[in-house]
Amino acid sequence: MNARFALATTLMGALAAGSALAQPVTGPYVSLGGGANFLQDERLNTRLDPEALLGTKIGFDTGPAAAGAVGYGFGNGFRIEAEGNWRQNDASSLSGGGQLNAVTGHQQNYGAMANAIFDMDVGANWI
């Protein structure tokens, strides 16, 4: 099987799934998602001795991200849901003018949201 055939098959499956999901949500539902998290480099500083870490940056590896939601669809395009998410990135590099020469650790982020959503039918099931 060549790469073009695999790509075409995947695309057709996604389009078919998209048209099946274009109907209004009625009743309770659960949503799960996952992916990659790309965290930007961060500059380090301190209030005790601002010159000690001047120009020092810490870099992070790409890490995992996950999200989930529970909600209720009213069948007319309106939905309400509660969503939570989590992300983590490991520290990978330290560079700059600071006196530090090694880095370990990670950064984790958690989030929660309440959403009110309106699913609008624009006549094209791919939008």
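Just so it is clear, the model here is predicted, and its values are computed rather than measured.

K.L.:
What should I look at first to understand the overall build of the chain in this one?
P.N.:
Helices and strands together make up the secondary structure of the chain, namely 1 helix and 6 strands. The secondary structure elements of the chain, listed N-terminal to C-terminal, are α-β-β-β-β-β-β. Looking at the chain as a whole, 18% of its 127 residues are labelled buried. Considering only contacts in the chain between residues 6 or more positions apart, those separated by 24 or more positions represent 65%. For the chain, the accessible area works out to roughly 9,500 Å², and carbon and sulfur atoms hold 58% of it.

K.L.:
Got a minute to help me understand a nonpolar patch on the surface in this structure?
P.N.:
Taken together, the side chains of Y72, F74, F78, I80, F118, M120, V122, W126 and I127 make up a nonpolar region of the molecular surface, amounting to roughly 1,000 Å² of accessible area. By the secondary structure assignment, F74 is in strand 4 (residues 63–74). Of the residues examined, F74 reaches a relative accessible area of 46% and is grouped as partly exposed.

K.L.:
Any chance you could explain the pairing of strand 5 (residues 78–95) here in plain terms?
P.N.:
Along any regular strand, the residues point their side chains to alternate faces of the sheet. In the sheet, strand 3 (residues 57–60) pairs with strand 5 via 4 bridges, with the strands oriented antiparallel. Its bridge partner lying in strand 5, F60 is registered against A91. Sheet topology note: the strand 4/strand 5 ladder contains 9 bridges and is antiparallel. Bridge pairing in strand 5 links V70 to A82. If you look at the hairpin formed by strand 4 and strand 5, you'll find 3 residues sitting between the two strands, and G75 has a positive phi there, around 85°. Where strand 5 meets strand 6 (residues 106–118), 13 bridges bridge the pair, whose relative direction is antiparallel. Directly across from Q88, in strand 6, lies its bridge partner Q108.

K.L.:
Can you walk me through the packing of aromatic side chains in this structure?
P.N.:
Aromatic ring pairs are described here by two measures, namely the spacing of the ring centres and the angle between the planes. What the rule picks out here adds up to 2 aromatic pairs. Both rings, one in Y72 and one in F74, keep their centres 5.1 Å apart while their planes meet at 70°; by these two values the pair is edge-to-face. Consider the rings of F78 and F118, whose centres lie 4.8 Å apart with planes at 50°: the pair is tilted. Taken as a pair, F78 in strand 5 and F118 in strand 6 lie far apart in primary sequence, 40 residues in all. Under the relative-accessibility criterion, F78 is labelled partly exposed at 44%. By relative accessible area, which is 44% here, F118 ends up partly exposed.

Parameters at a glance
- Residues numbered from 1 in each chain as written.
- Predicted model: local features only at pLDDT ≥ 70, side-chain atom pairs only at ≥ 80, totals over all residues.
- Heavy atoms only, no water.
- Helix = DSSP H or I, 4+ residues; strand = E, 2+ residues; numbered from the N terminus.
- Buried < 20%, exposed > 50% of the residue type's maximum accessible area, 1.4 Å probe, protein only.
- Contact = heavy atoms within 4.5 Å.
- Areas by Shrake-Rupley, 256 points an atom, 1.4 Å probe, with all protein chains shown as cover.
- Patch = residues over 30% accessible without salt bridge, like charges linked within 9 Å, V, L, I, M, F, W, Y side chains within 5 Å.
- Salt bridge = Lys/Arg side-chain N within 4 Å of Asp/Glu carboxyl O.
- Pairing = 2+ DSSP bridges.
- Phe/Tyr/Trp six-rings, centres within 6.5 Å; stacked < 30°, edge-to-face > 60°.

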